[in-house]
Amino acid sequence: MESVYGPLPVFEFHSGFWVNLHHFLYHEARARLAVKNESAASAKTGTGGPALKTSQSATALSATEQKTWDQVVTYYAANYADKDPLVNIDLILLKNQLGDFEDCAELTGHQKRTCDAGLPGNVGPMLEAAAPIYRAHWWGDHDRANRRWVAKVAPLVREQGVGLSERLADIYQTQWPKEKIRVEVCAYANSAGAYTTLDPLRVTIASTDPRNQGPEALEVLFHEASHDIAQPVDQAIRRECKQRDKPIPRDLWHALIIYTTGEVLRPVMNDAALEKGGGDSAAKSAKAAAPQVPYALSDILTQRGWEEYHLLLTMYWQPYLDGKVKFDDAIAHLVSAV
Ligand SMILES: [Zn+2]
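Along each chain, residue indices are assigned from 1 in the same order as the chain's sequence is written. Given that the model is predicted, a residue must reach a pLDDT of at least 70 before its local features are reported, and side-chain atom pairs must reach 80 or more before they are shown or counted; all residues, however, enter totals for whole chains, interfaces and linings. With hydrogens and water excluded, all non-hydrogen atoms of the structure serve as input to the side-chain values.

Throughout, exposure labels follow a simple rule: accessible area from a 1.4 Å probe, protein chains only, divided by the maximum for the residue type, with under 20% read as buried, over 50% as exposed, and the rest as partly exposed. Secondary structure follows DSSP: runs of H or I at least 4 residues long count as helices, runs of E at least 2 residues long count as strands, and numbering of each begins at the N terminus. Turning to helix H9 (residues 306-316), its buried residues are Trp-306, Tyr-309, His-310, Leu-312 and Leu-313. Within H9, the buried residues cover an arc of 165° as seen down the axis, which keeps them to one side. Residues Glu-307 and Leu-311 are exposed on H9 and point more than 90 degrees away from its buried face. In this description, one arc is meant: the one made by directions from the helix axis to the C-beta atoms.

As structure tokens, then:
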């Protein structure tokens, strides 16, 4: 089956075998570490170890499969589980390589020279060893979940994608990338459920994560894309801070793109939510008038609460979105108020 789904505007969706296997192993290795830390903690307090938790599905592995699978998960636990796929360069390069080789049956080029991904260390052979087990027990379900996720978000992307991308690029005073943004749709991603790496710009989204379902799927897509296209805002914030000798407020830029994506998508989200609920026109106007609820994404902000940022953005950024204030002035007001 083709790993590329489409054609759709703005985004290019992939359900790639190796990238999925990689993220699943990362997830399994993290789960194993968590269990280990938990038992270490309970051993200390003397409460007795917890039952061994596993996120693996019910399908039982044969003894040989289990042994191989454990070896590969152990390798991932030792080499990757404590690293962040968003910032760790080894994980970023590996993920991108696996995406590029999604249509290869192998990664070491033993059968086909063009399928030598040139991966570092032992990770190529490890992934190849895990591949038949993953294919036999999980990949079918994962691939179906990925395709279902894409099929659900596709009508919104087709209908609204171009308009939304133009509006966001306009707001951020930039151009939307000419090439479609590559999205790796995976059963599992990182702990946030989605992340974006730059140069080359690639988005990874977990299709089974409850935070990425329904109309929120569209918001997550445009939020992630904004990590790249909203760079001019980041630069403007830095410039203003430097001029005022202020430290750069850590989450301000991130709060701004969460806020902006939410505002720009709100009409689409409301319509989509109503369609799902089959609401009448009275329900529609009630929904439109309802006070703004914090977006699911807002709980990733750490340094300051979303409430505080939200207030500042409503006061100083919203006027720019409404066309009442210039970009530079809005950023200047925002930075001086933070
Ligand atoms: Zn983000």
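This part covers the state of the cysteines. Cysteine sulfur atoms are paired as a disulfide whenever they fall within 2.5 Å. A full pass over the atoms with the stated rule returns one disulfide. Through a disulfide, Cys-104 is tied to Cys-115; the S-S separation comes to 2.0 Å. Between Cys-104 and Cys-115, the disulfide has an S-S torsion of -80° and is therefore left-handed. Of the two residues, Cys-104 sits in the loop between helix H3 (89-100) and helix H4 (123-171) while Cys-115 sits in the loop between H3 and H4, which places them eleven residues apart along the sequence. Judged by relative accessible area, which is 13%, Cys-104 ranks as buried. Cys-115 sits in the buried class, given a relative accessible area of 3%.

Glancing now at the pairing of strand E2 (residues 11-14). Consecutive side chains of a regular strand alternate in pointing toward one face of the sheet and then the other. In terms of strand pairing, strand E1 (residues 4-5) meets E2 through two bridges, oriented antiparallel. Each bridged residue has a counterpart across the sheet, and for Tyr-5 the counterpart in E2 is Phe-13. For two strands to count as paired, DSSP must find a minimum of two bridges between them. The pairing of E2 with strand E3 (residues 181-186) spans four bridges and is parallel. What sits directly across from His-14, in E3, is Glu-184.

Across the sheet, which stays open at both edges, the five strands sit in the order E1-E2-E3-E5-E4 with mixed pairing between neighbours. Looking at strand neighbours, the two that pair on one side only are E1 and strand E4 (194-197), the edges of this open sheet. Packed onto the sheet, H4 meets E1, E2, E3 and strand E5 (202-206) and runs at close to 165° relative to E2. Residue contacts are defined here by distance: any two heavy atoms, one from each residue, within 4.5 Å place the two residues in contact. Axes here refer to lines fitted to C-alpha atoms; in helices the fit is confined to the stretch in contact. Angles between the N-to-C directions go from 0 to 180 degrees. Across the sheet, helix H5 (residues 216-229) lies against E2, E3, E4 and E5, angled at about 30° from E4, the strand it touches most.

Of note, Lys-95 is situated in helix H3. Buried and without a salt bridge, Lys-95 has Glu-184 as its closest oppositely charged side chain, separated by 6.6 Å. Setting aside residues no more than four positions away along its own chain, Lys-95 makes contact with Val-19, His-22, His-23, Tyr-195, Thr-197, Arg-202 and Thr-204. Neither His nor the chain ends contribute to the count of charged residues, in which Lys and Arg are positive and Asp and Glu negative. What makes a salt bridge here is a side-chain nitrogen of Lys or Arg within 4 Å of a carboxyl oxygen of Asp or Glu, nothing more.

Mapped onto the fold, Ala-60 is located in the loop between helix H1 (17-45) and helix H2 (63-79). Through-space distance from the C-alpha of Ala-60 to that of His-137 is 8.3 Å; in sequence the pair is 77 residues apart.

A pair of Phe, Tyr and Trp rings is counted when the ring centres sit within 6.5 Å of each other, with Trp represented by its six-membered ring. The angle between the planes then sorts it: under 30 degrees is stacked, over 60 is edge-to-face, the rest tilted. Under the definition given, this model contains 19 aromatic pairs. Pairing Tyr-134 with Trp-139 gives two aromatic rings, centres 6.0 Å apart and planes at 40°, and the pair type is tilted. Judged by relative accessible area, which is 12%, Trp-139 ranks as buried. Grouped by ring-pair contacts, the aromatic residues Phe-17, Trp-18, Phe-24, Trp-69, Tyr-134, Trp-138, Trp-139 and Tyr-188 constitute a single cluster.

Attention shifts here to the packing of H9 against helix H11 (residues 327-337). Two elements in contact, H9 and H11, have axes separated by 9 Å at closest approach and are oriented at 145°. Here the hand of the crossing between H9 and H11 comes out right-handed. Side by side, H9 and H11 meet where Leu-312, Leu-313 and Tyr-316 of the first sit next to Ala-330, His-333, Leu-334 and Ala-337 of the second. Looking at the contact of H9 with H11, its residues break down into six nonpolar, one polar and no charged. Crossings are classed by handedness, with left-handed meaning an anticlockwise turn of the near helix from the far one by less than a right angle and right-handed meaning a clockwise turn. When residues are sorted by character, Ala, Val, Leu, Ile, Met, Phe, Trp, Tyr, Cys and Pro go into the nonpolar class, Asp, Glu, Lys and Arg into the charged class, and all the rest, Gly among them, into the polar class.

Moving on, we come to the packing of H2 against H4. Across the interface, H2 lies against H4 with an axial gap of 9 Å and an inter-helix angle of 130°. The angle between H2 and H4 places the two elements in the oblique class. For the pair H2 and H4, the crossing hand works out as left-handed. Facing H2, whose interface residues are Glu-65, Thr-68, Trp-69, Gln-71, Val-72, Tyr-75 and Tyr-76, H4 presents Val-123, Met-126, Leu-127, Ala-129, Ala-130, Ile-133, Tyr-134, His-137 and Trp-138. Its residues placed into classes, the contact of H2 with H4 shows twelve nonpolar, three polar and one charged. Angles are sorted into four bins: roughly parallel if under 35 degrees, roughly antiparallel if over 145, roughly perpendicular if 65 to 115, and oblique for all others.

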